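Reading the structure
Chain residues, written in single-letter form:
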Amino acid sequence: MSIVGNLFTPRQKVLIKSVQHFFYRLFYGLDKIRSSYEYVIIKQNFSDIFFGYYDISPFNSIDEILYVKKKRNSNEIEICLNDSNDLSKEIIIATSKAWNWQQGCRLRWFPGSNDFIMFNFFESGRYGTRIINKNGDLIKNLNYPLYDISNDGNIGLSLNFERLGVLRPGYGYTCQSYIPIDLPNESINIINISTDTIIDRLTYSSIANFVSASCNLNNCYVNHLSFSPNSNSFLFFWIEIINGYHKASLLVYDIFKKQIIPLEIEEKVSHYVWLDNDNILCTSYKNPTTCRYFTYNLTKKSKTPYCPHSLYMDGHPSVDEDSYLLTDTYPDKNGFQYVYMVDSKSDIKKSLFKVYMKPVANGEMRTDLHPRFNHDHTKICIDSNRNGYREIMILKK
């Protein structure tokens, strides 16, 4: 830790950053948004408006958009539906107590549908997944909170969100106190959506054998579950806390072969996207200050650098058409975050958007841009926090 880090409290460091950022903008221009592209903003006074993680699109195929609204005096979020082409059409269709600042309530459109919506909820001491229509009418409740769902809508992936909320604040749920269970039997559960039953389990003990059989399971957890495009497998992060450092390894589980495939257990992985059924793009840290993008191949078990000249910091990647990649950055020293489009063939990136992000003392409440495409890749949705409240920006390419 730096001397500055030892001398000042988190709130003092936020104040120092805010003053530094103000004078930078005073000298170079006070605009907090800089883009040559057209954009609209979804915001409301005294409420935080956001969606969740970057790995789910808030848009359906007719450009309706989902997001959540949190009033500062409430622990509950409102689930909102709007038309991204006419933002006057907002309606509140549901509420949820199962949410966090980084991933919301895993809100999404049911795969292949423009009419059905799903999200995680907490009621009567239990978590689950709720499926509703656009009027808010209940279609089905599932007894398991889902992290991801297959593209055909048949199976889902569930984990212990309370454990995640304790070991990685901002990603799990804390609606009630976490009570540890028999850790070797803690697991990723594969759920049959139709029957609402567990059809397969991937236990902590079985995962640990592929990474470090001697690890202390009390300091381990799983996060970032994501189905492959054909839903035959899914990736996940296995994280071990070592002296306060969260060391994340990348693994894949083949659902049909019931086989774990470790892809990165030496370096710390961070963010991911499936390029196709056999290749995963993932950011990886060789050390705490050196992050690069790599392509991991499941068949060859290979690791290949991806755009090393233009991508040399962490970000939240999404795949565009052909050879293009959408990603972002964390705040620079002056408080600005960027959205980039990267041509993987030429290894050249283009800045699409630049926005100021107000610093916060509580890292759990930080606002990452989390850029996401709509279905035809003509719009990009990001979360922002320019003035102390979250808002959604929709950039038109």
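So, a few notes on the structure that sits alongside this text.

What counts as what
Residues numbered from 1 in each chain as written. Predicted model: local features only at pLDDT ≥ 70, side-chain atom pairs only at ≥ 80, totals over all residues. Heavy atoms only, no water. Core = buried A, V, L, I, M, F, W, Y, C linked by side-chain atoms within 4.5 Å. Buried < 20%, exposed > 50% of the residue type's maximum accessible area, 1.4 Å probe, protein only. Helix = DSSP H or I, 4+ residues; strand = E, 2+ residues; numbered from the N terminus. Patch = residues over 30% accessible without salt bridge, like charges linked within 9 Å, V, L, I, M, F, W, Y side chains within 5 Å. Areas by Shrake-Rupley, 256 points an atom, 1.4 Å probe, with all protein chains shown as cover. Salt bridge = Lys/Arg side-chain N within 4 Å of Asp/Glu carboxyl O. Expected span 1.5 Å × (residues − 1). Arc of directions from axis to C-beta. Contact = heavy atoms within 4.5 Å. Pairing = 2+ DSSP bridges.

Bringing the nonpolar core into the picture now. Of all hydrophobic cores here, the largest spans 53 residues; its most connected members are Phe-234, Phe-236, Phe-237, Trp-238, Leu-250 and Ile-280. If one sorts the elements of this core by residue count, strand S16 (residues 233–242) sits on top with 7 residues. The next biggest cluster of nonpolar side chains, apart from the first, holds 28 residues, and it includes Ile-42, Ile-65, Ala-94 and Trp-99.

Where nonpolar side chains cluster on the molecular surface, the patch consists of Leu-15, Val-19, Phe-22, Phe-23, Leu-26 and Leu-30 and spans about 580 Å² of accessible area. Mapped onto the elements, Phe-22 comes out in helix H2 (residues 10–28). With a relative accessible area of 38%, Phe-22 lands in the partly exposed category.

Its 19 residues give H2 an end-to-end C-alpha distance of 27 Å, which sits within 8% of 27 Å, the value for a rise of 1.5 Å per residue. Every buried residue of H2 is accounted for by Val-14, His-21, Tyr-24 and Arg-25. Buried residues along H2 cover an arc of 90 degrees about the axis, so they all sit on one side. Exposed side chains of H2 directed beyond 90 degrees from the buried face belong to Leu-15 and Phe-27. On its buried face, H2 sits against strand S25 (336–343) and strand S26 (348–356).

This brings us to the sheet that holds strand S29 (residues 391–396). Across the sheet, which stays open at both edges, the 4 strands sit in the order S2-S29-S28-S27 with antiparallel pairing between neighbours. The open sheet terminates on both sides in strands that have one partner only, identified here as strand S2 (38–42) and strand S27 (372–373). Where S27 meets strand S28 (residues 379–384), 2 bridges bridge the pair, whose relative direction is antiparallel. Looking at S28, one finds that Phe-373 is bridged to Ile-380.

For the rest of this paragraph, the subject is the pairing of strand S13 (residues 187–192). Among the 6 residues that make up S13, 5 are buried, leaving the element largely enclosed by the rest of the structure. Where strand S12 (residues 155–158) and S13 come together, 4 bridges link them in antiparallel fashion. Directly across from Gly-156, in S13, lies its bridge partner Ile-191. One ladder, built from 6 bridges, connects S13 with strand S14 (residues 197–203); its direction is antiparallel. Bridge assignment links Asn-192 to a residue of S14, and that residue is Thr-197.

All we've got here are geometric facts, nothing functional implied.
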